[in-house]
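Inside the fold
Here's the letter readout for the chains.
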Amino acid sequence: MSAASVAAWVSALDGLWIAALALTLIASVRIIASLGLSPDDNNSSTTKLELTYEIGAFSFALALGITAAYTILAGAPAQVEVLMVANALGYGIGVSARNAGRPTIAIGQLAFSCLPIAAASLWTMTIGYVALGVTILLLIPAQTVITRQIFSEIRDSIASANTNARLAERMEIQARTDVVTGLANRAGLNHALANAIENHDQQSKIALIWIDLDRFKEVNDLLGHPVGDKVLKGIAERLQNVTPDGSTVARFGGDEFIVLCPIDNLKHAELIASEIHCEIMCPMRIDGELLDIRASLGVALAPDDAADADQLMQAADLALYHAKVGGRAQTCFYEPSMSRDLVRRREIEAELRQAILRDELSIFFQPIVDLETGRIKTFEALVRWFHPEKGELRPDEFIPVAEETGVIVTLGNWITVQAARIAATWPDDVTVAVNLSPLQIRAPGAALGIKNALREAGLPAHRLELEVTESLFIEDNHATAAFIDELSAMGVRFALDDFGTGYSSLSYINSFPFSKIKVDRSFVSGAQAGQKSDAIIQAVAKMGNTLGMDIVAEGLETAEQVTAVREAGCNLGQGYHFSRAVPDYLAAMLLSQERGEDKLRARA
């Protein structure tokens, strides 16, 4: 437009003033059209936008080409011709490259701006202008090839970008998806949790339900991992069916699942957790096997229990821990006291490690008595902790912490060493019993630790009894068998402790060389003691006697209980009726007193 105005002013040709006006009018209409037809307007279709642009672009290019041709035909001054021809050719070439993404528009603008100049040049029939016309005619196909090449590169680049975007999106989805269940994995859960915490307002709440399948390892061990994977898939489907819309269901790892869902209030969360628990507990048929799946649930709410994602996860984890400690197959909601308990456990863990080093722990001994003769046959070694500031700490306070943190391995080895050293000073017919934790047995070199304790104390292997619980065999049968076989071969004896309270099975007694069975105190003096428990004691005692095993009744507190278990067939007893656990010097006094009475009776 500016070039046409300058050309009209220099040449004083009326036609160029008209051309300048036409170009200005076309440009103005294009600007107005572009402002009135926005791509963001729902009423503006792509076809309509493209057609409007084409009309405006072609009109402007044609007007510019005709204006340049007019300067040639009208005999305008040379400088005016050069100005307009260069302007039209430059516009055509430049716009053909810029609009290469739409080849039709680009080539059309090139043709409309250049062909009128070529025609006018050829019309003059002069050598110079004819050469210019031919050059322009050759320029058009050459520039067309360039435009199409640019278009091809743009198209390939866009296709490649789209492909990469799809691949990136697919890889992102795969990175956040669990392979076995198709649920979100840990990364997917973290992403969903972060978004949920960030976007939820004060009026809404979020529930995080942490689910742990109880004893799922047994499914894999007994039925195989393919069946285990089918169980996980089945649980995943059930969770997806029962959770409300807008929830995220994730497999956190192993046999743990997490449900993240929006809730209205605490009662709503309780309802959802109850439905999830009931759905999981329904029997599941896998490859003809009917499986009863049990689960423990821990629930925490945001913002009630936590302000951010990490705190919410920790709160739900603590709630799940209490659900499992409380007996499994139940649901626990987070309470602030759980965090205080965690702090307390960590404190106990740190102090317990120091207590072992500072000799704050002591070994007490409770006698196990022959019910016929009243003589002490065995002392059970029990650990006691006398804290310099807090006083005596109960075993049920620190033993569970020691088992959770792995300190039980160091503690158990220390107890064995101390018990063996003290027992070496007793008469040869008195044995010592030491309780072993499953973690201690599974620790590397567990049998070697027992052997070293016996060697350092100079205690014969047959005078050491190792008490284990039934849960040991459920968790790690192979490692337990190797441990028991190695020590039994050298004479160490084994006792099955708390019989009747765990996963009682006669197969354990048949498979392992137990010399003693201890009937749990709940059958003797607990709230369930009665006619049924008496029958159980009689059955266990009869079985033990037939197999040549000693049967120990625990928790004896009265003479009547002693009489009852002796008549039921138990040959050994343990409890407050005989003695509480006492320090090593009092244990030695009990033995000395017993031996002294034996001598007096012999003299009499």
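Residues numbered from 1 in each chain as written. Predicted model: local features only at pLDDT ≥ 70, side-chain atom pairs only at ≥ 80, totals over all residues. Heavy atoms only, no water.

1. Here we look at the sheet that holds strand β3 (residues 256-263)
In sheet architecture, strand pairing relies on hydrogen bonds along the backbone and comes in two forms, parallel and antiparallel. Strand order across the open sheet formed by 5 strands is β2-β3-β1-β6-β7, with mixed pairing between neighbours. The open sheet terminates on both sides in strands that have one partner only, identified here as β2 (248-253) and β7 (331-333). Within the sheet, the average angular offset between the axes of one strand and its neighbour, ignoring direction, is 20°. Packed onto the sheet, helix α7 (residues 186-199) meets β1 (205-213), β2, β3 and β6 (295-302) and runs at close to 135° relative to β2. Together, β1, β3, β6 and β7 form the strand contacts of helix α10 (residues 266-281), whose direction differs from that of β6 by roughly 160°. (Pairing = 2+ DSSP bridges. Helix = DSSP H or I, 4+ residues; strand = E, 2+ residues; numbered from the N terminus. Axes fitted to C-alpha atoms, helices over the stretch in contact; angles between N-to-C directions. Contact = heavy atoms within 4.5 Å.)

2. Things to note about the packing of helix α9 (residues 225-242) against α10
For the pair α9 and α10, the least separation of the axes is 10 Å and the interaxial angle reads 145°. Considering only the axes of α9 and α10, their crossing is right-handed. Between α9, through Ile235, Arg238, Leu239 and Val242, and α10, the contact on the second element is made entirely by Glu275, Ile276, Glu279 and Ile280. (Left-handed = near helix turned anticlockwise from the far one by under 90°.)

3. Brief notes about the pairing of β1
Burial analysis of β1 places 8 of its 9 residues in the buried class, the great majority of the element. For β1 and β3, the ladder comprises 8 bridges, and the chain directions are antiparallel. From the neighbouring strand, Ile209 faces β3, where its bridge partner is Val259. In this sheet, β6 lies alongside β1 in antiparallel orientation, the contact comprising 8 bridges. Considered in β6, the bridge of Ala207 is made with Leu301. (Buried < 20%, exposed > 50% of the residue type's maximum accessible area, 1.4 Å probe, protein only.)

4. Topic: the packing of α7 against helix α11 (residues 309-325)
Across the interface, α7 lies against α11 with an axial gap of 10 Å and an inter-helix angle of 115°. With respect to each other, α7 and α11 are oriented roughly perpendicular. From α7, Leu189, Leu193 and Ile197 reach across to α11, where they touch Ala309, Leu312 and Met313. Counted by class, the contact of α7 with α11 contains 6 nonpolar, no polar and no charged residues. (Parallel < 35°, antiparallel > 145°, perpendicular 65-115°, else oblique. Nonpolar A, V, L, I, M, F, W, Y, C, P; charged D, E, K, R; others polar.)

5. Let's talk about unusual backbone geometry
Excluding glycine, a negative phi dihedral is what most residues carry, and trans is how most peptide bonds are arranged. Going from Ala302 to Pro303, the amide bond is cis rather than trans, its omega being 10°. By the secondary structure assignment, Pro303 is in the loop between β6 and α11. The backbone of Met125 sits at a positive phi, close to 60°, despite the residue not being glycine. Looking at where Met125 falls in the secondary structure, it is placed in the loop between α5 (103-124) and α6 (127-175). A residue is classified by how much of its surface remains accessible, and Met125, at 68% relative accessible area, is exposed. The backbone of Asp359 shows a phi angle near 60°, a positive value even though the residue is not glycine. Mapped onto the elements of the fold, Asp359 is located in the loop between α12 (336-357) and β8 (361-370). A relative accessible area of 57% places Asp359 in the exposed class.

6. As for the packing of aromatic side chains
On inspection of all chains with the given rule, the structure shows 8 aromatic pairs. Here the aromatic rings of Phe364 and Phe386 are separated by 6.0 Å at their centres, their planes lie at 40°, and the arrangement is tilted. Taken together, the residues span a long stretch of sequence, with Phe364 in strand β8 and Phe386 in strand β9 (residues 376-387) at a distance of 22 residues. Accessibility expressed as a relative area gives 15% for Phe364, which makes it buried. Between Phe483 and Phe494, the aromatic rings sit 6.2 Å apart at their centres with planes inclined by 80°, giving edge-to-face as the arrangement. Residue Phe483 is found in helix α18 (residues 477-488), and its partner Phe494 is found in strand β13 (residues 493-499); the two are separated by 11 residues along the sequence. Grouping residues by exposure puts Phe483 and Phe494 together as buried. (Phe/Tyr/Trp six-rings, centres within 6.5 Å; stacked < 30°, edge-to-face > 60°.)

7. Side note on the confidence of the model for the protein
Of all residues in the protein, 91% attain a pLDDT of 70 or more, and the chain-wide mean is 83. Per-element confidence in the protein ranges from a low mean pLDDT of 65 for helix α17 (residues 471-475) to a high of 95 for strand β11 (residues 431-435). (pLDDT = per-residue confidence, 0-100.)

8. Focus on the side chain of His277
Turning to its location among the elements, His277 is positioned in helix α10. Residue His277 is classed as buried on the basis of its relative accessible area, which comes to 11%. Discounting residues that sit within four places of it in the chain, His277 has contacts with Ala295, Leu297, Ala329, Gln330 and Thr331.

9. Points about the nonpolar core
Soluble, globular proteins show a tendency: their nonpolar side chains are buried together. Residues Leu361, Phe365, Leu411, Trp426, Val432, Leu466 and Phe483 are the most contacted members of the largest nonpolar core, which totals 73 residues. No other element matches helix α14 (residues 407-423), which puts 9 residues into this core. (Core = buried A, V, L, I, M, F, W, Y, C linked by side-chain atoms within 4.5 Å.)

10. Concerning the side chain of Lys516
Relative to the helices and strands, Lys516 is located in strand β14 (residues 514-519). When near neighbours in sequence (up to four residues on either side) are disregarded, Lys516 contacts Thr378, Glu465, Phe494, Ala495, Leu496, Asp550, Val552 and Leu572.

11. Some details on a nonpolar patch on the surface
A cluster of nonpolar side chains, Val6, Trp9, Val10, Trp17 and Leu83, forms an exposed patch at the surface whose accessible area comes to about 510 Å². The element contributing the most residues to the nonpolar patch is helix α1 (residues 2-11), with 3 residues. Since its relative accessible area comes to 36%, Val10 is described here as partly exposed. (Patch = residues over 30% accessible without salt bridge, like charges linked within 9 Å, V, L, I, M, F, W, Y side chains within 5 Å. Areas by Shrake-Rupley, 256 points an atom, 1.4 Å probe, with all protein chains shown as cover. Salt bridge = Lys/Arg side-chain N within 4 Å of Asp/Glu carboxyl O.)

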